[in-house]
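Notes for the structure review
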Amino acid sequence: MEAAVAHAPPDPALRRSLRPNHAPAELPGTRPWPRGLAARRQPRAVRCEPCRRPEAARLRPRASAAAQRDGGGAAAGRRKRLAVFVSGGGSNFRAIHGAALGGAVHGEVVALVTDKPGCGGAEYASSNGIPVVVFPKSKSAPEGVSVAELLDTLRGYSVDFVLLAGYLKLIPAELIREYPRSILNIHPSLLPAFGGKGYYGLKVHKAVIASGARYSGPTVHFVDEHYDTGKTLAQRVVPVFADDTTELLAARVLHEEHQVYVEAVAALCEDRIVWREDGVPLIKSRINPDVYT
């Protein structure tokens, strides 16, 4: 359970249009398309176009919990401190960590939290000098910590934001209260479709194909006390082809996950998230502050 800036359309209303990306090279493991289908093949993904700034009265900028801890500013100064939660290989975690090391994200991964201490994400963290915290405590992970201990640990690392990257456990309410509007998740479908308890990994893509949906794609959203019901921050649209397999669709969606999640985290770390009066989060363009996505 786990936006790109373009020229704004002339209409100031909050509307989105879809613009295809350039078609990419074939992903590894793909196969030739049957005659007749290849000619109709669509681009891999499309992005949501940004819109011009809405009426000022409709936007009520609110500082994130991290900005409040900074004294209301310092977005361009101190790098934000990130804790990433994973349960598997952690490919989104690796993408975020790489972007932070490369400067695309003004933050630093200071802790990795996992419910599966032997997973690929935990091994990657250990090999890169990132502390690994096991949560929750269980029969298979007796070294795990309690909720109170987890909160103390995150405070000890001065964590600003929590990022879920394939973490399959429900986040405790205490953590959500500790980090209001400061916890993000990436989910491999266009929420609210194909979300909720039990919808994760290949199960999501299998359900999308079985439904006959023509489009899918990842969603970055803020986390609340339920599975996949928090406010959407960013999405990418990926076409579902007529003869898709679960694995092929999963690979295309994952490719977009790595890009859209990094972009969303970059905006979060730069305090470019603005909350509309109705509670919808928008990303302010780094280049043009009058443009939102």
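Note that the structure is a prediction, hence the values are computed from the model and not measured.

**Quick look at the overall build of the protein chain**
Each helix and strand counted, the protein chain has seven helices and 14 strands in total. By the burial criterion, 47% of the 293 residues in the protein chain qualify as buried. As displayed, the protein chain offers around 13800 Å² of accessible surface, 55% of which is attributable to carbon and sulfur atoms.

**A look at the packing of helix 2 (residues 91-102) against helix 7 (residues 246-269)**
Between helix 2 and helix 7, the least distance of the axes is 9 Å, while the angle of their chain directions is 45 degrees. On the basis of the axis angle, helix 2 is oblique to helix 7. Considering only the axes of helix 2 and helix 7, their crossing is right-handed. Here Ser91, Asn92, Ala95, Ile96 and Ala99 of helix 2 come into contact with helix 7, specifically with Leu254, Glu257, His258, Tyr261, Val262 and Val265.

**Let's talk about the side chain of His187**
Mapped onto the secondary structure, His187 falls in strand 8 (residues 183-187). Using a relative accessible area of 0% as the deciding quantity, one classes His187 as buried. From its side chain, His187 meets the backbone oxygen of Phe194 in a polar contact 2.8 Å long.

Calculation notes
- Residues numbered from 1 in each chain as written.
- Predicted model: local features only at pLDDT ≥ 70, side-chain atom pairs only at ≥ 80, totals over all residues.
- Heavy atoms only, no water.
- Helix = DSSP H or I, 4+ residues; strand = E, 2+ residues; numbered from the N terminus.
- Buried < 20%, exposed > 50% of the residue type's maximum accessible area, 1.4 Å probe, protein only.
- Areas by Shrake-Rupley, 256 points an atom, 1.4 Å probe, with all protein chains shown as cover.
- Axes fitted to C-alpha atoms, helices over the stretch in contact; angles between N-to-C directions.
- Parallel < 35°, antiparallel > 145°, perpendicular 65-115°, else oblique.
- Left-handed = near helix turned anticlockwise from the far one by under 90°.
- Contact = heavy atoms within 4.5 Å.
- Polar contact = N/O pair within 3.5 Å; in protein donor to acceptor, adjacent residues only side chain to side chain.

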